[in-house]
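# Chain and residue survey
Read off the chains here:
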Amino acid sequence: MMPRLSLTLSILAALLVPAAAAAVFFHAPVEQTMGVVQKIFYFHLALALSAFLSFAVACVSGILYLLRRERRFDVAGAASVEIGVVFTTLVLITGSLWGRSIWNTWWTWDPRLTTSLILWLIYASYLILRSAVEEEGRRATFCAVIAVAGFLDVPIVFLSARMFRSIHPTIITSDSVGLEPPMVRTLLLCLVAFLVLWAVLFRLRCSLLRNEARVRDLQFELER
Amino acid sequence: MTTLNQIGFLVRKDLRIELRKRESLISMAFFGVLVLVTLSIAVGGGRRVPPETGAGILWVAALFSGVLGLGRVFARERENGCVAALLVSPMNPGSLYAAKALVNLTLMVASQIVLVPVFFALFGQGLAGGLAAVVLPLLLLDVAFSSAGTLLSAVAAGTRRNEVLLPILLFPLLLPVVVLGVKASGAALQGKAGGGLGAVEPLAAFCVIYSVAGYFLFPFAAREV
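Residues numbered from 1 in each chain as written. Chains lettered and ligands numbered in written order. Predicted model: local features only at pLDDT ≥ 70, side-chain atom pairs only at ≥ 80, totals over all residues.

### Quick notes on the overall build of chain A
Along its length, chain A carries six helices and zero strands. Its C-alpha atoms give chain A principal-axis dimensions of about 70 × 45 × 30 Å. Taken over 224 residues, chain A has a buried fraction of 38%. (Helix = DSSP H or I, 4+ residues; strand = E, 2+ residues; numbered from the N terminus. Buried ≥ 20, exposed ≤ 12 C-beta atoms within 10 Å, placed from the backbone.)

### What about the overall build of chain B?
Within chain B, the regular secondary structure consists of eight helices and zero strands. Of the regular secondary structure in chain B, the N- to C-terminal order runs α-α-α-α-α-α-α-α. For chain B, whose C-alpha radius of gyration is 18 Å, the value lies close to the compact-globule estimate of 17 Å for 225 residues. The dimensions of chain B, computed from C-alpha atoms along their principal axes, are 55 × 35 × 30 Å. For chain B, the residues scored as buried account for 49% of the 225 residues in total. (Rg over C-alpha atoms; globule rule 2.2 N^0.38 Å.)

### Quick word on the packing of helix α7 (residues 162-189) of chain B against helix α8 (residues 200-224) of chain B
Residue and element names in this part refer to chain B. Contact geometry for α7 and α8: axes closest at 9 Å, N-to-C directions at 145 degrees. Here α7 and α8 pass one another in a crossing that is left-handed. Between α7, through P176, V177, L180, G181 and A184, and α8, the contact on the second element is made entirely by V200, P202, L203 and F206. A class-by-class count of the residues in the contact of α7 with α8 yields eight nonpolar, one polar and no charged. (Axes fitted to C-alpha atoms, helices over the stretch in contact; angles between N-to-C directions. Left-handed = near helix turned anticlockwise from the far one by under 90°. Contact = placed C-beta atoms within 7 Å. Nonpolar A, V, L, I, M, F, W, Y, C, P; charged D, E, K, R; others polar.)

### Remarks on the interface of chain A and chain B
On the side of chain B, 25 residues touch chain A, which itself brings 24 residues to the contact. Looking at which element gives the most residues to the side of chain A that touches chain B, the answer is helix α5 (residues 136-161) of chain A, with 14 residues. When grouped by side-chain class, the residues that make up the side of chain A that touches chain B number 18 nonpolar, four polar and two charged.

### Notes on the confidence of the model for chain B
A residue-level look at chain B finds 97% of positions with pLDDT of 70 or above and a mean pLDDT of 87. Across the predicted assembly, pTM comes out at 0.87 and ipTM at 0.87. (pLDDT = per-residue confidence, 0-100.)

### Points about the environment of A:A20
Residues and elements named next belong to chain A. By secondary structure assignment, the location of A20 is in helix α1 (residues 4-27). Along the backbone, A20 and L187 are 167 residues apart, and their C-alpha atoms lie at a distance of 8.4 Å. Ignoring any residue separated from it by four or fewer positions in sequence, one finds A20 in contact with L189, C190 and A193.

### Observations regarding the environment of A:A22
The topology assignment puts A:A22 in helix α1. Linking A:A22 and A:L209, residues 187 residues apart in sequence, is a C-alpha distance of 33 Å.

### Remarks on helix α4 (residues 111-132) of chain A
If you check α4(A), its first and last C-alpha atoms are 32 Å apart, about what 22 residues at 1.5 Å a residue would give, namely 32 Å. Buried within α4(A) are the following residues: A:L113, A:T114, A:T115, A:S116, A:L117, A:I118, A:L119, A:I122, A:Y123, A:S125, A:Y126 and A:L129. Packed against the buried residues of α4(A) are α2 (40-68), α3 (71-102) and α5 of chain A together with α7 of chain B. (Expected span 1.5 Å × (residues − 1).)

### As for the packing of α3(A) against α4(A)
All names here are of chain A. Across the interface, α3 lies against α4 with an axial gap of 9 Å and an inter-helix angle of 145 degrees. Seen along the crossing, α3 lies across α4 with a hand that is left-handed. Along its contact with α3, which presents A78, V81, E82, G84, V85, T88, T89, V91, L92 and G95, the element α4 presents L113, S116, L117, L119, W120, Y123, A124, Y126, L127 and R130. Split by residue class, the contact of α3 with α4 holds 13 nonpolar, five polar and two charged.

### Quick look at helix α6 (residues 131-157) of chain B
Of all bends in α6(B), the biggest is about 30 degrees, found at B:G149. Within α6(B), 22 of the 27 residues are buried, leaving the element largely enclosed by the surrounding structure. (Bend = angle between axes of the 7 residues up to and from the residue.)

### Quick word on the nonpolar core
Counting residues in hydrophobic clusters, the biggest one holds 136 residues, and the most contacted among them are A:V145, A:I146, A:A147, B:A144 and B:A221. Counting residues per element, this core draws most heavily on α6(B), which supplies 15 residues. Ignoring anything within four residues of it in the chain, the contact list for B:A221 reads A:T141, A:F142, A:V145, B:L151, B:A154, B:V155 and B:G158. (Core = buried A, V, L, I, M, F, W, Y, C linked by C-beta atoms within 7 Å.)

### Regarding the environment of A:L179
Residue and element names in this part refer to chain A. Among the secondary structure elements, L179 is positioned in the loop between α5 and α6 (181-223). Using a count of 16 C-beta atoms within 10 Å as the deciding quantity, one classes L179 as partly exposed. Along the backbone, L179 and L189 are 10 residues apart, and their C-alpha atoms lie at a distance of 14 Å.

### Quick word on unusual backbone geometry
A positive phi angle is found at A:R69, which is not glycine, with a value near 55 degrees. Tracing the backbone through its elements, the reader meets A:R69 in the loop between α2 and α3. A:R69 gets classed as partly exposed once you count the C-beta atoms within 10 Å, which come to 14. Positive phi values are uncommon outside glycine, yet B:R22 reaches one of about 50 degrees. Looking at the element boundaries, B:R22 is found in the loop between α1 (3-21) and α2 (25-42). Note on B:R22: 10 C-beta atoms within 10 Å, which makes it exposed.

Next comes the structure, spelled out in structure tokens:
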């Protein structure tokens, strides 16, 4: 049986994600110069923000694990990195698809693209490390160290990426949102939908990882 | 014993071992030269390379030879349970980090004394900037590499696949350093005075961030080795 909160969130996500997709196609107007390709932007931005949230959560859980040594923080870190890597992969793919038709290239060394790619590489290496260590306590400590060290890299990555010239559009600045009202509504709906989806995936992965660890505990006790 | 004494003691111990066994330094310098020769042949043998490509080649050689030495810096302590002995000694585990980082820094600088002249011999034609141009960026690379690398070497040493995992964990983290360093030394090799100075500040910031992070995070990782 699923806990009630997970179940509610799952149902909510099952309604919100299709609604967001529908809003992208039917509610948001077609952009004047870029045409229909621009519609990928709504999912792209929502995924990018959720992915960044994952890495921040992983960093905080890493710090908490090192201070308290409780299994739940290790589990939270692992779950959020897994989701973050998947979401970043999708960000890179959607961005590439858009770039191919607008910039006429799959890839360019723009600050934001570089930052996403480097983050993807750092956290993919976290997952490799996770699969390489068997013993739970040791794995949790090492992963926490990497999650914290990886997140510390973010400001430097962004500074370094500024060395390349930028052709990435800046839609939302501190003074204005360069979007029509229906576009803003669509974007907000996509954001909410993906955050709920993030929460669902996070809770499900956490409970799965916790159960895995519990099964191993039982196995250990039986063997003793 | 003050912290500085502890660090000095540990550094002397490691350098003495290195001087007697010479297990890291020769392989680091040799492998670095090997990378340079390979890349020189790969770009067409004796052809002139643009300054930024040249800088990139030097940095690839420095990184690859550095990771070779880094793997040994901490893995050496695993033999005969030396890590446990060091951790139970009345020594701050942070000093252990500082000492290991300094040893690695020394090894990298020493191997680059061989690497850099070989680089200029192979790629020097057409580069306006001379030896002095790459010294500052390379030193910053060495500090950045040692500060982040020592932390990760403790993590990698605790796994069964040390040699494979260390570069996999370290290189993504060092990518911004590579970007900044290549820009800085590329501009310098072009002969622009003060070129690439904008990259020096973030590089220094990387060194500071990872030295502090290493000092605090290293003890956690070292206890698990």
